[in-house]
Structure formats: structure tokens, C-alpha cells
Amino acid sequence: MTFPMPVSFLTEGQTRRYGQFNGELSPEELARYFHLNDTDRHLIARRRWPHMRLGFGIQLGTVRFLGTFLDDPTCVPPSVIKSVAQQIGVVDLQCLEKYRVGYRHWKHAAEIRERLGYRPFIEPLVQFRLNRWLYTLCWTGSDRPSVLFDRAIAWLLGNKVLLPGLSVLERAVARVLVRANEELWRRLTKQVTPEQRERLERLIVIPENERKSFLDQLRDGPVLQSPAELGRAVGRLEQVQ
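Residues numbered from 1 in each chain as written. Predicted model: local features only at pLDDT ≥ 70, side-chain atom pairs only at ≥ 80, totals over all residues. Heavy atoms only, no water.

Notes on the layout of surface pockets
Next up, step 1: A volume near 500 Å³ is recorded for the largest pocket.
Next up, step 2: Around the largest pocket, the lining is made up of 23 residues, and of these R17, F65, L66, I153 and L157 lie nearest the centre.
Next up, step 3: Breaking the lining of the largest pocket down by element, the ones donating at least two residues are α1 (12-17), α2 (27-33), α4 (50-66) and α8 (145-158).
Next up, step 4: Residues that form the lining of the largest pocket fall into these classes: 10 nonpolar, 6 polar and 7 charged.
Next up, step 5: What lines the second largest pocket is W185, L188, T189, V192, R197, L200, E201 and I204. (1 Å grid on protein atoms, 1.4 Å probe; cavity = no way out; pocket = protein on both sides within 12 Å on 5 of 7 lines; lining within 4 Å. Points joined across faces, edges and corners; volume = space filled by probe spheres on them. Helix = DSSP H or I, 4+ residues; strand = E, 2+ residues; numbered from the N terminus. Nonpolar A, V, L, I, M, F, W, Y, C, P; charged D, E, K, R; others polar.)

Structure (C-alpha cells):
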């Protein structure tokens, strides 16, 4: 049996937040992702101009927090700009406007990726490890596809893998779900005999002059507390047995 792949299972919030800042960061998030250590400061100090140093520092924290680089590296919350500027001694925050002009920030992104050891999602080993991890989650839990998607993002961040496009990761999660469901179905049907299969298939056939299959009738249990419903419940129990 082949299970259809979910077309789209993400919520509006997940789509909006993916690879983007979603409002201001908490003090804990700023301290965790945008604190500049000695190595960071050494890299930043190699930039000649204040806007280059500020932009480079912001991109360092951005990839740690989001797992990706922004097309416009200056599109970050004010708290991020202020935090990085204070750490590297840049007073004029407006100078950051110059950073989005030209191609220099793209070169900085490539340098940061190499220095911090981030890998692209397209690496076969990365996809193999992620798929194996997600497949294990499918067997050990009952998380919804949208929850698995968030856990996939967390795995990528933790393993220093740059986020792919939204639809790419969504399809990757969907493929693992389909594979897990197909394997579950295979195991469930492996020991079913031809006679049992025939009896099971008869459950979903709608008899002539009936509106429901026998399976639907079994699903429709008593809901009222009355003698008639009690009798119906007993009859239903006999049918199930």
C-alpha cells in the first residue's frame, strides 16, 4: 500500500518564522547566540570600517540563531544591533545601512560558514543522518508532522547545517513520514492470511439497501443513556465478538 505524501502540513506561524526573526529576542537568546567570544572579536577586528565590523558581527549571531543567512543582513531586531554594537565599540548604529549595499556581506557569509564549520543541507551524509533520526522519532513517538518539522530544524541548528528552502525541508519530513507509515503497514499485514484479508475487506463493503459499511456501524457506538441504547450496546458487543 502506498501512502500519499502530505502536500502541506505547516502552520501559518511556522511558515512565517522559518529562517526569519520573529520580533525581539529575549536577554537569554541574545546572550546565547549573539555573545561574541575572543575568536569572534578577532575575526570582526579584521574589518576596516565600522559598518563592516557591525554587519559581520550581526551575521555571526544570525546564523547561530536562525541557522541561515538573511538576504538583507540588516533586517534584524534593534536589540541585536545594539547588543553587537556595544560589544565591538561601534557608536553610530546608523552606519549599518551601508552594509546592505554591494556584495561584501555575501563574502562575509561565506567566510563565516567556513570558519564556524556550517555545512549545506545538500550533503548526502547530512540528509542521511537527518532522515535516520526523523525515522526513529516516527517509531518512538506520535508527533504530528508539524512537530517533526520543528524538531528537524532543531537538529539542523544543533549540527551546524544551514537551513534549506522551506519547501525542501517540508518535503524531506513528509517523505520520512510516508516511509515510516509504509513500513508500519507492511509489518501489520505481513502475517495476515488470505482468509483474514478477505474478511477484513468485507468490513468496508456497504451492503445493498444500507447506508454504512459494517465497519462504520461498529464505529457508531451508543451515546444515550436509555434501555434501548443499552440493548443496542449489547447487540453491538455481540457483533464485535
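Some details on the nonpolar core
Next up, step 1: With 32 residues, the main nonpolar core has F21, F34, L54, I58 and V80 as its most contacted residues.
Next up, step 2: Those elements that place two or more of their residues in this core are α2, α3 (38-45), α4, α5 (78-88) and α6 (104-116).
Next up, step 3: Top element by residues in this core is α4. It accounts for 8 residues.
Next up, step 4: Among residues more than four places away in sequence, those in contact with F34 are F21, L25, E29, I58, G61, T62, F65, V80, V84 and Q87.
Next up, step 5: Ranked by size, the runner-up nonpolar core spans 24 residues in total, among them F121, I153, A174 and L177. (Core = buried A, V, L, I, M, F, W, Y, C linked by side-chain atoms within 4.5 Å. Buried < 20%, exposed > 50% of the residue type's maximum accessible area, 1.4 Å probe, protein only. Contact = heavy atoms within 4.5 Å.)

What to know about a nonpolar patch on the surface
Next up, step 1: Residues W139, L184, W185 and L188 make up a contiguous nonpolar surface patch of roughly 390 Å² in combined accessible area.
Next up, step 2: Broken down by element, the nonpolar patch gets its largest block of residues, 3 residues, from helix α9 (residues 166-189).
Next up, step 3: Following the sequence through the fold, W139 ends up in helix α7 (residues 124-140).
Next up, step 4: The class for W139 is partly exposed, based on a relative accessible area of 33%. (Patch = residues over 30% accessible without salt bridge, like charges linked within 9 Å, V, L, I, M, F, W, Y side chains within 5 Å. Areas by Shrake-Rupley, 256 points an atom, 1.4 Å probe, with all protein chains shown as cover. Salt bridge = Lys/Arg side-chain N within 4 Å of Asp/Glu carboxyl O.)

Examining the environment of Y118
Next up, step 1: Take Y118: it is sitting in the loop between α6 and α7.
Next up, step 2: Its relative accessible area of 9% is what places Y118 among the buried residues.
Next up, step 3: Sequence separation of Y118 and N159 is 41 residues, and the distance between their C-alpha atoms is 8.2 Å.
Next up, step 4: At 3.5 Å, the side chain of Y118 and the backbone oxygen of V63 are in polar contact. (Polar contact = N/O pair within 3.5 Å; in protein donor to acceptor, adjacent residues only side chain to side chain.)

Observations regarding the packing of aromatic side chains
Aromatic ring pairs are defined here through the distance separating the ring centres and the angle between the ring planes.
Next up, step 1: All chains considered together, the criterion is met by 6 aromatic pairs.
Next up, step 2: Judged by centre distance (5.1 Å) and plane angle (70°), the ring pair of Y33 and F65 falls under edge-to-face. Separated by 32 residues along the polypeptide, Y33 in helix α2 and F65 in helix α4 bring together distant segments of the chain. Of the two residues, Y33 and F65, both sit in the buried class.
Next up, step 3: One aromatic cluster is present, built from ring pairs that chain together F21, Y33, F34 and F65. (Phe/Tyr/Trp six-rings, centres within 6.5 Å; stacked < 30°, edge-to-face > 60°.)

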